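# A look at the structure
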Amino acid sequence: MLINHAILPLLIIEIVNYTIFGIMHIRPAIVTDIPQIMQLITEVVPVMIAAGNFQWDAVYPNAQAFEEDITLNQLWVADIDGTIAGIAAITTEQYPEYADVGLDINETAIVVHRLAVSIHHQGKGIASKLMQQAELVARDSGVKVLRVDTNTANKATQQLFPKMGYVYAGEIGLSFRPGMRFYCYEKRLD
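Residues numbered from 1 in each chain as written. Predicted model: local features only at pLDDT ≥ 70, side-chain atom pairs only at ≥ 80, totals over all residues. Heavy atoms only, no water.

## What about the sheet that holds strand β7 (residues 181-188)?
Formally: Two strands qualify as a pair provided DSSP detects at least 2 bridges between them. Under the DSSP-based scheme used, a helix requires at least four consecutive residues in state H or I and a strand at least two consecutive residues in state E, with every element numbered from the N terminus. Axis definition: a line fit to C-alpha positions, over the contact stretch in the case of helices; interaxial angles, taken between N-to-C directions, run 0 to 180 degrees. Two residues form a contact once any of their heavy atoms are found within 4.5 Å.
Across the sheet, seven strands lie side by side as β1-β2-β3-β4-β5-β7-β6; this open sheet has mixed pairing. Each edge of the sheet is formed by a strand with only one pairing partner; in this case those strands are β1 (24-28) and β6 (167-173). Looking at each pair of strands side by side, their axes are set apart by 25° on average, direction ignored. Alignment of strand β4 (residues 110-117) against strand β5 (residues 145-151), held across three bridges, turns out to be parallel. Bridge pairing links Val 112 to Val 148 in β5. Sheet contacts for helix α4 (residues 126-141): β1, β2 (75-80), β3 (83-91), β4, β5 and β7; angle to β4, the most-contacted strand, approximately 160°.

This is the structure we're talking about:
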């Protein structure tokens, strides 16, 4: 068999991409995903804390929070060949403090909470794909606005959200996370 050497590098790149990245599928989480989700959280939290982001700790988020998300059909996972590489709770839960920056919390919005990407899969666009899933949920539900908040120390999301069309709305405190500050973002769909 003759091999066209001009296309050989392209074939090798395709094989490497498949081997390294696998096939990613965004899907609703199921209860049997919780052990992998908690492993992801266990790995991510120390990295967050080392970067000065104390939004999460050994207590939150916990398995109970994810079980509730699953029961409400609002937890999504990025699954790469059977491995949970990222998670996002795609909800309509808005904190009362969103009103402090002028957001109308009486307006139905899709809100992303508990967004995390495995330390083994960061930099692969997984958070972007999960945020795109939030937009699909909004469109399918007829909701025209998306919102998200992030700890002021979370530099990665502060870069991601504007790239995805979210507009900075302001800075808030959250009553259940005293002493911390959070940036709010909003995206309106056409």
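## Considerations on the nonpolar core
So the rule is basically this: Remark: nonpolar core denotes a set of buried residues (Ala, Val, Leu, Ile, Met, Phe, Trp, Tyr, Cys) joined through side-chain atoms within 4.5 Å. To sort residues, take the accessible area from a 1.4 Å probe on protein chains only and compare it with the maximum for the residue type: under 20% means buried, over 50% means exposed, and anything in between is partly exposed.
With 27 residues, the main nonpolar core has Ile 110, Leu 115, Met 131, Phe 161 and Tyr 166 as its most contacted residues. In terms of residues, this core owes the most to one element, α4, which gives seven residues. Residues Ile 41, Phe 66, Val 77 and Ile 84 belong to the second largest nonpolar core, which totals 17 residues.

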